[in-house]
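Chain by chain, the residues run as shown.
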Amino acid sequence: MNRYPDLLMYIGGAWKSASNGQPVLNPADESVIGEVPTASRSDLDAALAASADGFKVWSRTSPRQRSDIILKAAALMRERIEEIAYSITLEHGKPIGQARLEVIRGCEFFEWDAAEGQRTYGRLIPSEPGIKYIVMHQPIGMVAAFSPWNFPMSQPSRKIAGALAAGCSIIIKAAEETPAGAIHIARAFHDAGLPPGVLNLVFGIPSEISDYLIPQEQTRLIAFTGSTAVGKHLTGLAAQHMKPVLMELGGHAPVIVCDDVDPVAAAISSAVRKSRNAGQVCTSPTRFFVHDSIYETFARTFAEKARSVAIGNGLDPSTEMGPLANSRRIDALEMLVADARAKGARVLAGGERLGSRGYFFPVTVIADLPDDARAMREEPFGPMALINPVSSLDEAIEKANSLPFGLAAYAFTHSASNADRLAEGIEAGNLSINTLEASVAETPFGGVKDSGYGREGGAEGLSHYTVIKNVSHRMSI
Ligand code: NAD
């Protein structure tokens, strides 16, 4: 029988409640499903002390042993997939099938980094006889991490996997609105035999926790996923204390649809992808630039498919899209729709909240938006697709690059020359052609411009969690 877990912090290898808490809501019916603890200053001090002890042990544990423990925890999470997926759907709202896929994706991040942690190779630099120059990669130290609510399990997985695989300890503040995903991760690591203090999980008032942890001498890396505004603020704070950052921030992904593809197939797959996680994904395809010659067919088909998406409680297996995760997203989307309408855009599907209980909002398709429509510049972070015509690939690339964001970008084309121009010209950390998947565990993921700094995953992901030391060793004095 699946049940929502007790909401506790995990500090120094022990579970910890708090005298204060914040309610956690089920976004499908707005009922209270639990209370997440608010860390006190002494909880944070305990986490700092524990993570210092944890780092001493873990950084001197062999990469093979570290990998074994991470893989054991991932195997436990795979065994517990139904229980974890149930918790995710309850607190976030997404369909249960998507919650299961999220658990698998989170496990893949752990499995990939567990292997990469055994390959943080150094270098021996050619030198004159009698001296050796040795480049070592060592764990950076304690990581202060902050993960958001859109993927309650796979977002904290990214950060915990990177830190632990590299030999670091971590204090992670996961999202208060969706705490169970991270709690399940901590439970799996506890059961897998992770030494106390290596992984510490806290909740509370986000700004109070980041303000306290970032300046600490023992904090050596700030890893954050969330909005660009908060990311810039935390980067500023980190700079004052000379701390490096890993920032995965917002996006506003363009999709370029060239005239050599089937507009019906491209529109259907785009509408399905747009509904994933109710569009609350930093890589969600959002600004569609479609060649004039196929524009009307693409827009009409997209709107038809959008209207057919089955919306409901994520625990119902027939649901294709659940509610939005919180009421802030409803307010944001309503404002963007009203602004687009006022500026003359056509709303082809959706546009209004569904019902008054639960945060349901349909897939919303808007066409013919002027460049100054707010939706064209502000990340909707919801199930909203914006479709505009273009007359050439150059125009599409220019429009795609016109925002300060550069996280994911997509294109549909079968032309090798178009693909090459896109690969060279698009300003983004990730470009996907004829697929709307932006990242998998084995590829480096991250942004350029205001979308952030650094990469997670791939062979590059662990580099942020390590520091380089050069040892110059003359054989005799
Ligand atoms: P928000 O900016 O208030 O919060 C985003 C996340 O940052 C939350 O998890 C929050 O707990 C955390 N946070 C906020 N202030 C913090 C601080 N001072 N220190 C540490 N953590 C802090 O916005 P929101 O309403 O929760 O989400 C809306 C926006 O956030 C979206 O428009 C989207 O751009 C962005 N977002 C991005 C991602 C992503 O995957 N990149 C995920 C979730 C949200």
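Not measured: the values here are computed from a predicted model.

K.L.:
I'm lost on the overall build of the protein chain in this one. Help?
P.N.:
A tally of helices and strands in the protein chain yields 13 helices and 20 strands. For a compact globule of 477 residues, the expected C-alpha radius of gyration is about 23 Å, and the protein chain comes in at 23 Å, within 12% of that figure. With the C-alpha coordinates aligned to their principal axes, the bounding extent of the protein chain is approximately 75 × 60 × 40 Å. When contacts within the protein chain are restricted to residue pairs at least 6 apart in sequence, long-range pairs at least 24 apart make up 74% of them. With an accessible surface of roughly 18700 Å², the protein chain has 53% of that area assigned to carbon and sulfur atoms.

K.L.:
I would appreciate a short explanation of the sheet that holds strand β5 (residues 123-125) in the present structure.
P.N.:
Within a sheet, adjacent strands bond to each other through the backbone by hydrogen bonds, running parallel or antiparallel. The 3 strands are arranged β5-β6-β20 in an open sheet whose pairing can be described as antiparallel. Either end of the sheet is taken by a strand with one partner, and the two such strands are β5 and β20 (466-474). Strand-to-strand, the axes of this sheet are offset by a mean angle of 20°, without reference to chain direction. Of the pairings in the sheet, the one linking strand β6 (residues 131-139) to β20 comprises 9 bridges and is antiparallel in character.

K.L.:
Would you explain helix α10 (residues 295-308) in this entry?
P.N.:
Side chains of residues three or four places apart in an α-helix project in the same direction, reflecting 3.6 residues per turn. In this model, α10 (14 residues) spans 20 Å end to end at C-alpha, consistent with the 20 Å of a helix rising 1.5 Å per residue. Restricting attention to buried positions, one finds in α10 the residues Y295, F298, A299, T301, F302, A303 and A306. The inward-facing, buried residues of α10 abut β12 (253-257), α9 (263-275), β13 (285-291), β14 (346-349), β15 (364-367) and β16 (384-390).

K.L.:
What should I look at first to understand the site of the ligand in this one?
P.N.:
Residues in contact with the ligand amount to 23 residues; listed here are only the nearest, W149, S210, S227, R328 and E379. Here a nitrogen atom of the ligand sits 3.4 Å away from a polar atom, N or O, in the main chain of P206. Here an oxygen atom of the ligand and a side-chain polar atom of S227 are 2.5 Å apart. Residue assignment for the shell around the ligand shows that the elements contributing at least two residues are α7 (206-213), β10 (219-225), α8 (228-240) and α11 (327-342). No other element matches the 3 residues that α7 contributes to the shell around the ligand. Broken down by class, the residue content of the shell around the ligand amounts to 10 nonpolar, 8 polar and 5 charged. When residues of the shell around the ligand are assigned to domains, at least three map to each of domain 1 (9-249 + 451-471) and domain 2 (254-440).

K.L.:
Hey, could you run me through the sheet that holds strand β18 (residues 430-433) in this one?
P.N.:
Strand order in this open sheet of 7 strands is β14-β15-β16-β13-β12-β17-β18, and the pairing throughout is mixed. Each of the sheet's edge strands pairs with one partner strand only, and the pair in question is β14 and β18. Pairwise comparison of adjacent strand axes, ignoring direction, gives a mean angle of 20° for this sheet. Packing against the sheet, α10 makes contact with β12, β13, β14, β15 and β16, and its axis sits at approximately 50° to β14.

K.L.:
Could you clarify how one ought to interpret the state of the cysteines in this entry?
P.N.:
By definition, a disulfide links the sulfur atoms of two cysteines through a covalent bond. For the structure shown, the criterion picks out 0 disulfides. Cysteine C107 shares no disulfide, and the gap to the nearest cysteine sulfur, in C282, comes to 20 Å.

K.L.:
What should I look at first to understand the pattern of salt bridges in this one?
P.N.:
Pairing is possible between side chains of opposite charge, provided their charged atoms come close. In this structure the tally under the stated criterion is 23 salt bridges. Salt-bridge contacts for K16 lead to D43; the nearest nitrogen and oxygen are separated by 3.1 Å. Of this pair, K16 sits in strand β2 (residues 14-16) while D43 sits in helix α1 (residues 41-58); the two residues are 27 residues apart in sequence, bridging distant segments of the chain. Relative accessible area serves as the criterion here: at 34%, K16 is assigned to the partly exposed category. In this structure, E427 engages K449 in a salt bridge whose closest nitrogen and oxygen atoms are separated by 2.7 Å. Here K449 lies in the loop between β18 and β19 (452-453) and E427 lies in the loop between α13 (416-425) and β18, a separation of 22 residues in the sequence. Classification of E427 by relative accessible area gives partly exposed; the value is 39%. Three or more residues are tied together by salt bridges with common partners; here these are R105, R273 and E437.

K.L.:
Would you take a moment to explain the nonpolar core for this structure?
P.N.:
Most often, soluble globular proteins have nonpolar side chains that are buried together. Core analysis: the largest hydrophobic core is formed by 78 residues, its most contacted members being M77, V143, L164 and F189. Examining the composition of this core, we find that 8 residues originate from one element, helix α6 (residues 180-192), more than from any other. Non-local contacts of V143, meaning those with residues more than four positions away in its chain, are made with A163, C168, S169, I170, I171, L221, A223 and Y465. Counting residues in hydrophobic clusters, the runner-up holds 58 residues, among them A271, V309, A396 and Y410.

K.L.:
Looking at this structure, how should I read the side chain of S432?
P.N.:
Looking at the secondary structure, you find S432 in strand β18. Of note is the side chain of S432, whose polar atom sits 2.8 Å from the backbone oxygen of E437.

K.L.:
Teacher, can you tell me more about the domain arrangement of the protein chain here?
P.N.:
The extent of an interface is frequently quoted as the accessible surface area lost upon association of the parts. The assigned domain composition of the protein chain is domain 1 (9-249 + 451-471) and domain 2 (254-440). Distance from the C-alpha centre of domain 1 to the C-alpha centre of domain 2: 31 Å. Counting residues at the interface gives 25 residues for domain 1 and 33 residues for domain 2. Of the roughly 2300 Å² buried at the junction of domain 1 and domain 2 (both faces included), carbon and sulfur atoms supply 51%. Contact with domain 2 buries area across many residues of domain 1, yet E30, W149 and S451 alone supply 22% of it, more than any other trio. As a salt-bridge pair, R328 and E177 come within 2.8 Å of each other at their nearest N and O atoms. Where domain 1 touches domain 2, the interface holds 14 residue pairs in polar contact (both at pLDDT 80 or more). For the side of domain 1 that touches domain 2, the elements supplying multiple residues, two or more each, are α3 (81-92) and α4 (96-116). Element by element, the count of residues in the side of domain 1 that touches domain 2 is highest for α3, at 4 residues.

Basis of the calculations
- Residues numbered from 1 in each chain as written.
- Predicted model: local features only at pLDDT ≥ 70, side-chain atom pairs only at ≥ 80, totals over all residues.
- Heavy atoms only, no water.
- Helix = DSSP H or I, 4+ residues; strand = E, 2+ residues; numbered from the N terminus.
- Rg over C-alpha atoms; globule rule 2.2 N^0.38 Å.
- Contact = heavy atoms within 4.5 Å.
- Areas by Shrake-Rupley, 256 points an atom, 1.4 Å probe, with all protein chains shown as cover.
- Pairing = 2+ DSSP bridges.
- Axes fitted to C-alpha atoms, helices over the stretch in contact; angles between N-to-C directions.
- Expected span 1.5 Å × (residues − 1).
- Buried < 20%, exposed > 50% of the residue type's maximum accessible area, 1.4 Å probe, protein only.
- Near = heavy atom within 4 Å.
- Polar contact = N/O pair within 3.5 Å; in protein donor to acceptor, adjacent residues only side chain to side chain.
- Nonpolar A, V, L, I, M, F, W, Y, C, P; charged D, E, K, R; others polar.
- Domains from an automatic or database assignment.
- Disulfide = S-S within 2.5 Å.
- Salt bridge = Lys/Arg side-chain N within 4 Å of Asp/Glu carboxyl O.
- Core = buried A, V, L, I, M, F, W, Y, C linked by side-chain atoms within 4.5 Å.
- Buried area = accessible area lost by both parts, 1.4 Å probe.

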